[in-house]
Each structure stands twice: as C-alpha cells, then as structure tokens.
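What follows is the residue order along each chain.
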Amino acid sequence: MRDTLDTPRLALRRLRPDDAPALHEFFGDPETHTISTGPVASLARTEEWIARRTAFHAETGLVWYGAWLREDGPLVGNCGIFAGRTGRAGPEIGYEIRRSHQGHGLAGEAARAVLAECDAAGIGRIWATVRPHNAASLKVLSRLGMTHVRTRTDERGELLYLSRRAGYFTPGGN
C-alpha cells in the first residue's frame, strides 16, 4: 500500500512517530476516542500505538494513515488496515474522526480511499467490527458495501462483524 493517499478533502499519510502529539489530542479526548477501553491516558501510550502500526506495516505492507484536512489543515482523524479480531489473514479496517469534525462524511471519504488502495494491492477481503449502538459507523460501513456476516459476544457485549470482498467497491461510488 502507498504511504500517501489523497481525497477531495483529505490528505492521508502513513503515521510517523512525530505525529504522536497531534494524534494524542483526540486519542485522549473522551468524546472522540470511544473505542476499545476509551481515552488513552498518556502520550507514551499513543507513541506505542503508532510504533505497533509501524511494525505491522514493516511486516505486512498494510498501512494506518493519519487524515489531515487538505492545504495544510489539522489532523482530523485516522484510518487504516490492521490485524484486528479477524487476524492477519483477514485484515480489518478502522477509522476515527475528531469529534469536532464528525458528521461531515470524512470517515467515509477516508475509508473509501483506503478500501480502493486495498483493492489495488490485491487484498481479497476486508473486515470491520462495530458495536450495534454505533449507528454512525454502521451507516458508514453500509455505504462502503460492508455487510453483516456474524455477531459475537465478548466482555463488553455484542460485536458485529461486517465484511467486503475485493472488487465490490468503486472509488467514485457510494
């Protein structure tokens, strides 16, 4: 996967260690970072998160991007592919947009670019996991052509697994 992608409103670039302070601004925000166990308590933990994504990229070629508003705008989100609950053989897409920029279609715009890059890289199937109460993310995933495959229950409740096969997505569509 390429290190940079452009969309009409976003410049996506593989995250680097020096991006940690900007990323931590919303990883530490309880209104933005609602996934997993919630806000990240320290900058050091955000730096470790970037280091894990960097190591995964070195091993697999899969990329996690920071999402900046075009024309030297701020970091407003992140989006990428990782070995999630489905493992390395079935990579998972994830995204997060700063609370102040949610509701404007940026998550879908970033995810469409990442999925198109996955198609170009020959990745056959992409997964997503989401909690049933996350209506906004479910709407984004539906627009991306992701369909519900199964439901599992973990210590935090129900978790929906959605999937998309390569070739479904067209960069200008949905």
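Look above for the structure.
Just so it is clear, the model here is predicted, and its values are computed rather than measured.

Student: I would appreciate a short explanation of the environment of Pro132 in the present structure.
Tutor: Secondary-structure assignment places Pro132 in the loop between β6 (125-130) and α4 (135-143). C-alpha of Pro132 to C-alpha of Thr151: the two residues are 19 residues apart in sequence and 9.5 Å apart in space. Pro132 has contacts with Leu138, Glu158 and Leu160, leaving out every residue within four places of it along the chain.

Student: How should I be thinking about helix α1 (residues 20-27) in this particular structure?
Tutor: Count 3.6 residues to each turn of an α-helix, and residues three or four apart come out pointing the same way. Those residues of α1 that fall on the buried side of the exposure criterion are Ala20, Leu23, His24, Phe26 and Phe27. For α1, the buried positions fall inside an angular range of 165° around the axis, keeping them on one side.

Student: Got a minute to help me understand the side chain of Asn78 in this structure?
Tutor: Here Asn78 lies in strand β4 (residues 75-82). Here Trp64 takes part through its side chain, which lies 2.9 Å from a polar atom of the side chain of Asn78. Sequence-distant contacts of Asn78, that is, excluding residues within four places in its chain, are made with Leu23, Phe26, Phe27, Trp49, Trp64, Tyr65, Gly66, Ala67, Gly94, Tyr95 and Glu96.

Student: When you look at helix α2 (residues 43-60) in this model, what are you seeing that I'm missing?
Tutor: Taking 1.5 Å per residue as the helical rise, α2 with its 18 residues ought to reach 26 Å, and the 26 Å between its terminal C-alpha atoms agrees with that figure. Every buried residue of α2 is accounted for by Thr46, Trp49, Ile50, Arg53, Phe56 and His57. Buried residues in α2, looked at end-on, bunch into an arc of 120°, giving them a common side. Turned more than 90 degrees away from the buried face of α2, the exposed residues are Ala58 and Glu59. Those residues of α2 that are buried are in contact with β2 (10-14), α1, β3 (64-69) and β4. Of the residues one or two after α2, Gly61 is the one with positive phi, at around 85°.

The rules we used
- Note on numbering: residues in each chain are counted from 1, in written sequence order.
- Predicted model: local features are reported for residues with pLDDT of at least 70 only, side-chain atom pairs are reported and counted for 80 or more only, and whole-chain, interface and lining totals are derived from all residues.
- Note: side-chain values were computed over all heavy atoms of the structure, leaving out hydrogens and water.
- A run of DSSP states H or I qualifies as a helix once it reaches four residues; a run of E qualifies as a strand once it reaches two. Both are numbered from the N-terminal end.
- Whether two residues are in contact is decided by their heavy atoms, any of which lying within 4.5 Å being enough.
- Partly exposed describes any residue whose relative accessible area lies between the buried limit of under 20% and the exposed limit of over 50%, with all areas from a 1.4 Å probe on protein chains only and scaled to the type maximum.
- This arc is taken over the directions from the axis of the helix to the C-beta atoms.
- Polar contact is defined as a pair of N or O atoms within 3.5 Å, subject to the rule that within protein one atom must be able to donate a hydrogen and the other to accept it, and that residues adjacent in sequence are counted only when both atoms are side-chain atoms.
- Here a helix's expected span is defined as the number of its residues, less one, multiplied by 1.5 Å.

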